[in-house]
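Residue-level structural notes
Here is what each chain is made of, one letter per residue.
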Amino acid sequence: MALREIDNSWIGDDLDDLLAYFEADPPEYGAHRVVVARCADCAGQVFVLETDESGSCVRRTCAGCDRTVPMLDSAEHWPTLDEEAEARYFVECVCGEDNVETAVGFTFRDGTPAADVHWIYIAIRCVADGRLGYCASWRISYGPSHHLVDSV
């Protein structure tokens, strides 16, 4: 099967469908480039994600090796230890599953691949039921910021 919409939800079977989701249901500013998240230690592609209260910081834990890393520039903005207990939200599918494949969409300031990043969108695909959705997005208001593309 392929990417499809069922009962107002997008469903996909694999990472290709997650990538296609960015075009089928584009974020506000569209994505000029989409990069699949991979674990630097084991090359795993299934993660448990957690966000901060604002949804503008994301940490991922690899389901294969249990390595936890902040995504993109999240380490710079993650809540302090005092704030963290109240500000952590685990990303979970409506089916209850928290293991997801993850991709990051980038919108560039002038639409060219070498430009600074303007917006970041994080999309997921539930490994249990294939449901797709966006779980976080934030604006990048500093430069240079193109290094974020390589940090996925």
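Residues numbered from 1 in each chain as written. Predicted model: local features only at pLDDT ≥ 70, side-chain atom pairs only at ≥ 80, totals over all residues. Heavy atoms only, no water.

**Some points on helix α1 (residues 15-24)**
If you check which residues of α1 are buried, you get Leu15, Asp17, Leu18, Tyr21 and Phe22. Angularly, the buried residues of α1 cover 160° about the axis, an arc narrow enough to put them on a single face. α1 presents Asp16 and Glu23 as exposed residues on the side facing more than 90 degrees away from its buried surface. Each element contacted by the buried residues of α1 is listed here: β2 (9-11), β3 (33-36), β8 (100-108), β9 (117-126) and β10 (131-139). Its side-chain oxygen 3.1 Å from the backbone nitrogen of Asp16, Asp14 forms the N-cap of α1. (Buried < 20%, exposed > 50% of the residue type's maximum accessible area, 1.4 Å probe, protein only. Helix = DSSP H or I, 4+ residues; strand = E, 2+ residues; numbered from the N terminus. Arc of directions from axis to C-beta. Contact = heavy atoms within 4.5 Å. Polar contact = N/O pair within 3.5 Å; in protein donor to acceptor, adjacent residues only side chain to side chain.)

**Some thoughts on the nonpolar core**
Counting 25 residues, the largest nonpolar core has Leu49, Leu72, Phe106, Ile120 and Ile122 as the members making the most contacts within it. Where this core is concerned, the elements lending two or more residues are β4 (47-51), β5 (58-62), β8, β9, β10 and α4 (147-150). Every residue in contact with Leu49, bar those within four places of it in the chain, is listed here: Val58, Arg59, Arg60, Met71, Tyr89, Phe90, Val91, Val100, Thr102, Ile122, Ile124 and Cys135. Core analysis: the second largest hydrophobic core is formed by 11 residues, Leu18, Tyr21, Ala103 and Ala123 among them. (Core = buried A, V, L, I, M, F, W, Y, C linked by side-chain atoms within 4.5 Å.)

**Observations concerning the packing of aromatic side chains**
Each pair of aromatic rings is reported with the distance of its centres and the angle of its planes. Under the defined criterion, the tally for this structure stands at six aromatic pairs. Measuring from centroid to centroid gives 5.3 Å for Tyr29 and Trp119, while their planes differ by 25°, and the two rings are stacked. Residue Tyr29 is located in the loop between α1 and β3, and its partner Trp119 is located in strand β9; the two are separated by 90 residues in the primary sequence. Between Tyr121 and Tyr134 the ring centres are 6.5 Å apart and the planes differ by 65°, which places this aromatic pair in the edge-to-face class. Highlighted residues: Tyr121 in strand β9 and Tyr134 in strand β10, separated in sequence by 13 residues. A relative accessible area of 5% places Tyr121 in the buried class. What links up through ring pairs into an aromatic cluster is the set Trp10, Tyr21, Phe22, Tyr29, Trp119, Tyr121 and Tyr134. (Phe/Tyr/Trp six-rings, centres within 6.5 Å; stacked < 30°, edge-to-face > 60°.)

**A few points about the environment of Asp66**
In this structure, Asp66 sits in the loop between β5 and β6 (68-70). According to the relative accessible area criterion, Asp66 is exposed, its value standing at 60%. Placed 27 residues apart in sequence, Asp66 and Cys39 show a C-alpha to C-alpha distance of 9.7 Å.

**What to know about the pattern of salt bridges**
Side chains that differ in sign of charge can pair as their charged atoms come close. Using the criterion set out here, one finds five salt bridges in the structure. In this structure, the salt-bridge partner of Asp13 is Arg4, at a minimum N-O distance of 3.2 Å. Here Asp129 makes a salt bridge to Arg131, at a shortest N to O gap of 3.5 Å. (Salt bridge = Lys/Arg side-chain N within 4 Å of Asp/Glu carboxyl O.)

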